[in-house]
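Descriptive analysis of the structure
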Amino acid sequence: MSDAYPETSEAADPLIGSTLCDGWVIAARVNRHAKQSGGAFSYGYVATKGEEQAYVKAFDFEGVFKAEDPMKELEKAVKTFNFERDLLGVCEKSNMKRIVRAIGNGVIDNANVPFGKLYYLLFELADADARLHVVANDQGDIAWCMRCLHQIAAALRQLHSKGIFHQDLKPSNVLVFQGKKASKLGDLGRAHCSGMEAPHDGALVPGAWRYAAPELLYRSGLTDKAAQRSASELYLFGSMIYFFVMHVPFTPDLMNALRPEHRVALFGGGNLGVLFRDVLPFLADAQSELLRSFKAKLLQTVSGNDELASQVTDFLRYSTMPDPMLRGHPSARRMVNGNPYELERFVSGFNVVATMLERRQTPANARGT
Amino acid sequence: MTSVKQSEVSPEFRREFEALSARWLADKDVASASELLFAASLGYSDSSVHQAAQFLIDSPGVSTQLRRLAVGRLPKVEEVPAAEIEHKQTFEIRYLKSKLVEHPRNALAHVELARAYVSLGLTEKANRHIRVAIQLAPSSRFVLRAAARFDVHRGKVERSIKALEGVASRDPWLAATLVAVADLSGKPIKKIKPLRELLEQTNDPAEKSELAAALGTFELKDAGIRRARKYFQISAVAPNENVVAQLFWLSKNYGVNFDRSLLDRGEAFEARAQSSAEANDWENAIQACLRWLDNEPFAIRPAFEGGYIASEMLGDFKTAKEFAHRGLISNPKSGGLMNNLAYALIMEGDIVGAKDLISRAKQFLGNDEERERAVLQATEGLLLYRQGNAADGASHYIACILKARELKIEQVVQLAYLHFCYEELRIGHAPPFWSIEELQKVFSGDEVSKHAKIVFNRMVQPMLIARQKYGLIDSGYGAPLPMLVPPT
């Protein structure tokens, strides 16, 4: 899903021309490289049905046979496919508008793939992923960025309401539709669902390491797994806030702000719990430095609107607190029996900020005043 | 760039990194380059990262932040020497205060602010911030060690000892700090056994080095070098800069083995200062003291050591004044540093300034600081000579020599005598107590210290040669004082 932007491969592909369910036909390949997801590799294709287009995530089990224990890997790959398919079914059933819709899934006979069977998932086709709109463009559209963040928060809240945690929130998994009007979350391949077992449930870092919350990198996550999932998800959302303004995720900048002796032990052995506790003041200091530069950059983008910049910076602070025990919106944290990591206030907050910025962009006569 | 060793990297992360690297090598676009750089920021790198960083730097339209990240991933050409970094404490305080307004729970900023206040001599303000930092991060190794060092500086270690006692048995660094603080303040350690056990349980040589050194020092005082030696051997495996300095001192005084390559370590300024001084490399010793002072702005020892070398070994009074001034900022009540500054001022001709400093030093020196009081008497003697009062000047020098003799500080005896000689020769008198030949024989022999020989050759010998031309008057001090081994 992360490679949905239309970039077709010139090389001939044996799957092109294959007919899928409901008359969909694979028309072109969109990514040259397999994407790994829980032991299974997948390729992206564009399928067509008349005028309609869709994205095909075709699972490639060939990599399984290169593994040391092919049967174990095969089991893992099948589980990964089944998990994502079932999860998409839950999303579809719950009518989650902010999650990329699965059109269908299935297995077709194809002599060119292992076992002669091609497993695939079929999705609505996105225009591009959010990364393209921000990384290569220093003068991003801030109103769109804030609206996109609002929609991401809404998408996460939809997932959480059904006990699903995305766990791999990153710019390439935010897909843009209808010429930037709508943004949706894609790729649930690394998600967690309270009612379903996933092959990656025991992973230390379920998503991408480069976006992960610091406590996971230091192997010092909360002992309450459910709380840690919520805390990580909020951090990933904070990383997106940072990315949309600074064009770099939060974790790499956070790590760069640390002294080498605090960074190198990331992957070492020993009592890392002690180390994380020890590094926390440095992480907090690094966070405050990053928040400063974030606010300065945001102030430039919103033409010196200090109130708005402070509000967004506060959202970033609450969501990226290096100490998971202190993470979360203060109002949510004050609730005695509430969830400190809940996203409700972020959804409404970004809605307000985005609306303010959109109104400023729209001429007064167009608003009918 | 500091990178994680390949073998230490988690397999999941390595897979992620390799996939991103392969993708960059095939796609060579902004998206794949930036994703690879994000992963490399976790400390893992290969040659593809440099290529990706260079690609992003050269690509038009890439955001400033991304470009900054890319520049950070390229190999560094050179580092700015720390000595070139200016001291802007006032600016730093303003900056840290504004940082704390925005992020009041930043314990590190509180510690840094305290450090900046201490550098300006504002100990009470510093104390408030140190206490807040401890409240915010009660088990942080960095915060507790900084607090302990600060409490030692202001001479009130009870709170630090109490805070450290609660956590020392779990953390070798904090245990080392507890032992060192208790040792410095002469307080007993309530439970030493758990600290010894902690040393045995700790596997990483770097983690256990400081604790082993601290326990070794404890044993050295308690039971002697034989029992302490095993601890020093453990501490020598992977020592930090503090332990290097300690080991160097032990090698000189107790014959403990010392690997000289340790002196090349980045921040071993203290040991480097000692080693350079031992090799008579005074310029490097002064540089090392300056870096040591930069590193530990509230430490008094680099100010003393650097000032002493500059004044006595080199006759560089400008540098001596700088050391004394910097030391006095964070130790404004140090009579010893006031004495050093007064001496440098007199040698530069500022008699009025020196007189004021000497009278202040007298107020601040405690009755137990007998060595400092003796040295101050010699400086006052110098002042009197320069004011034209040779008789009182001489009696001050003689009083200093007698006191130092009583305290058995031979180095002070010899140096005070040489300064006394110099002042007598300067006003045309013959050297006190001894003839010129006897003097030359004593200070070229093995009975005097290395430093006394250097001072003799730098100050007294040229004056002897210059004054001998005109003949010298015996000022009649009579028989030699019992301060040196009489020449045979």
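Refer to the structure presented above.
A brief report on the enclosed structure follows. Keep in mind that this is a model prediction, so the values were computed, not measured. (Residues numbered from 1 in each chain as written. Chains lettered and ligands numbered in written order. Predicted model: local features only at pLDDT ≥ 70, side-chain atom pairs only at ≥ 80, totals over all residues. Heavy atoms only, no water.)

1. Side note on the pairing of strand 10 (residues 182-185) of chain A
All names here are of chain A. What counts, and what does not: When a residue's accessible area, from a 1.4 Å probe over protein chains only, is under 20% of the maximum for its type it is buried; when over 50% it is exposed; and in between it is partly exposed. Going along the chain from the N terminus, every DSSP run of H or I of four or more residues is numbered as a helix, and every run of E of two or more is numbered as a strand. Strands are labelled as partners when DSSP assigns at least two bridges between them.
Of the two faces of strand 10, the one lined by Ala182 and Lys184 and the one lined by Ser183 and Leu185 are each fully buried. Bridge analysis of strand 9 (residues 174-177) against strand 10 gives four bridges, and the strand direction is antiparallel. Bridging from a neighbouring strand, Leu175 pairs with Lys184 of strand 10. Remark: four residues form the turn of the hairpin made by strand 9 and strand 10, two consecutive strands paired antiparallel; Gln178 in that turn has positive phi of roughly 50 degrees.

2. Observations regarding the interface of chain A and chain B
Put simply, the rule is: Contact criterion: two residues are considered in contact whenever any of their non-hydrogen atoms come within 4.5 Å of each other. Throughout, buried area stands for the accessible area (probe radius 1.4 Å) lost by two parts on being put together, summed over both. When a carboxyl oxygen of Asp or Glu lies within 4 Å of a side-chain nitrogen of Lys or Arg, that pair is called a salt bridge. In the analysis that follows, any N or O atom pair within 3.5 Å is treated as a polar contact, provided that within protein one partner can donate a hydrogen and the other can accept it, and provided that, for residues neighboring in sequence, both atoms belong to side chains. All residues other than Ala, Val, Leu, Ile, Met, Phe, Trp, Tyr, Cys, Pro, Asp, Glu, Lys and Arg, Gly among them, are scored as polar; the first ten of these are nonpolar and the last four charged.
Across the contact, 46 residues belong to chain A and 47 residues belong to chain B. Between chain A and chain B lies a buried interface of about 4,300 Å² when both sides are counted; carbon and sulfur atoms form 52% of it. Taken together, chain A and chain B are joined by six salt bridges. A salt bridge links Arg68(B) to Asp253(A); the nearest nitrogen and oxygen atoms lie 3.4 Å apart. Our count for the contact surface shared by chain A and chain B stands at twelve residue pairs in polar contact (both at pLDDT 80 or more). Where the side of chain A that touches chain B is concerned, the elements lending two or more residues are helix 5 (225-246), helix 6 (250-256), helix 7 (260-263) and helix 8 (272-301) of chain A. Along the lines of polarity and charge, the residues of the side of chain A that touches chain B split into 23 nonpolar, eight polar and 15 charged.

3. Notes on the sheet that holds strand 7 (residues 128-129) of chain A
Residues and elements named next belong to chain A. Inclusion rule: Interaxial angles span 0 to 180 degrees and are taken between N-to-C directions of axes, which are lines fitted to C-alpha atoms, for helices over the stretch in contact.
The antiparallel open sheet is built from three strands, whose spatial order is 7-9-10. Two strands close off the open sheet at either side, each with one partner strand: strand 7 and strand 10. Against the sheet, helix 3 (residues 142-161) makes contact with strand 9 and strand 10, and its axis sits at roughly 35 degrees relative to strand 10, the strand it touches most.

4. Description of the environment of Leu337(B)
Residue and element names in this part refer to chain B. Within the secondary structure, Leu337 is located in helix 19 (residues 335-347). Relative accessible area serves as the criterion here: at 0%, Leu337 is assigned to the buried category. In this view, Leu337 contacts Ile300, Ala303, Phe304, Ala324, Gly327, Leu328 and Asn331; residues no more than four positions away in its chain are not counted.

5. Comments concerning unusual backbone geometry
Trans peptide bonds make up the majority, and among non-glycine residues the majority have a negative phi. All names here are of chain B. Its identity as a non-glycine residue notwithstanding, Lys408 has a phi of 60 degrees, on the positive side. Within the secondary structure layout, Lys408 lies in the loop between helix 22 (390-407) and helix 23 (410-426). Its identity is not glycine, yet Phe433 carries a phi of approximately 70 degrees, on the positive side. Of note, Phe433 is situated in the loop between helix 23 and helix 24 (436-442).

6. Things to note about the state of the cysteines
We apply this condition: Put simply, a disulfide is two cysteine sulfurs that come within 2.5 Å.
In total, this model carries zero disulfides over all chains according to the counting rule given. Cys148(A) takes part in no disulfide bond, and the closest cysteine sulfur, belonging to Cys145(A), lies 7.3 Å away.

Read these as spatial facts, not as claims about activity.
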